[in-house]
Amino acid sequence: SVIGFDDIEFARMLDPELTTVAIPAAELGRSAVELLLHRLRPGQVELERPAMTQLALKLRGSSAAAP
């Protein structure tokens, strides 16, 4: 089995299509900007919550059970 990361368009053009991990880029970017803006404010304390992003496994033809 072969697995890629970032679910680029090319993954769906292969034969078989590449199984991949999808990253929600817009959500990740939004979280990064929020964190940056928070840190730029004078006197702000460090955020208590960890930065978490939900990833998704896109199963396609490049992965299968072991023979």
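The coordinates are above.
Being a predicted model, the structure only gives us computed values, none of them experimental.

Reading the values: the criteria
- Residues numbered from 1 in each chain as written.
- Predicted model: local features only at pLDDT ≥ 70, side-chain atom pairs only at ≥ 80, totals over all residues.
- Heavy atoms only, no water.
- Helix = DSSP H or I, 4+ residues; strand = E, 2+ residues; numbered from the N terminus.
- Rg over C-alpha atoms; globule rule 2.2 N^0.38 Å.
- Buried < 20%, exposed > 50% of the residue type's maximum accessible area, 1.4 Å probe, protein only.
- Contact = heavy atoms within 4.5 Å.
- Areas by Shrake-Rupley, 256 points an atom, 1.4 Å probe, with all protein chains shown as cover.
- Lys, Arg positive; Asp, Glu negative; His and termini not counted.
- Charge placed at Lys NZ, Arg CZ, Asp CG, Glu CD.
- Pairing = 2+ DSSP bridges.
- Axes fitted to C-alpha atoms, helices over the stretch in contact; angles between N-to-C directions.

Q: Can you tell me about the overall build of the protein chain, naming the residues and giving the values?
A: Looking only at helices and strands, one finds one helix and three strands in the protein chain. The N-to-C order of helical and strand elements in the protein chain reads β-β-α-β. Computed over the C-alpha atoms, the radius of gyration of the protein chain is 18 Å, more than 25% above the 11 Å expected from 2.2 N^0.38 for a compact globule of 67 residues. Evaluated residue by residue, the protein chain yields a buried proportion of 16% over its 67 residues. Summarising the internal contacts of the protein chain: among those between residues at least 6 apart in sequence, 61% fall at separations of at least 24. Accessible area of the protein chain: about 5,500 Å², with a carbon and sulfur share of 62%. Of the charged side chains in the protein chain, 7 are positive and 9 negative; the average position of the first set lies 6 Å away from that of the second.

Q: Before we move on, can you summarise unusual backbone geometry with the specific residues and values?
A: Here aspartate 15 and proline 16 are connected by a cis peptide whose omega angle stands at 5°. Phi is positive for aspartate 6, which is not a glycine, with a value near 100°. Tracing the backbone through its elements, the reader meets aspartate 6 in the loop between strand S1 (3-5) and strand S2 (19-22). The class for aspartate 6 is partly exposed, based on a relative accessible area of 40%. Phi angles above zero are rare outside glycine, and aspartate 7 is one such case at about 45°. Within the fold, aspartate 7 resides in the loop between S1 and S2. Residue classification places aspartate 7 among the buried residues on the basis of a relative accessible area of 18%.

Q: Help me get a handle on the sheet that holds S2, residues and values and all.
A: Ordered in space as S1-S2-S3, the three strands form an open sheet in which the pairing is mixed. Taken across any chain shown, the strands that pair with only one partner, and hence form the sheet edges, are S1 and strand S3 (56-58). Pairs of neighbouring strands in the sheet enclose a mean axial angle of 25°, with direction left out of account. Bridge analysis of S2 against S3 gives three bridges, and the strand direction is antiparallel.

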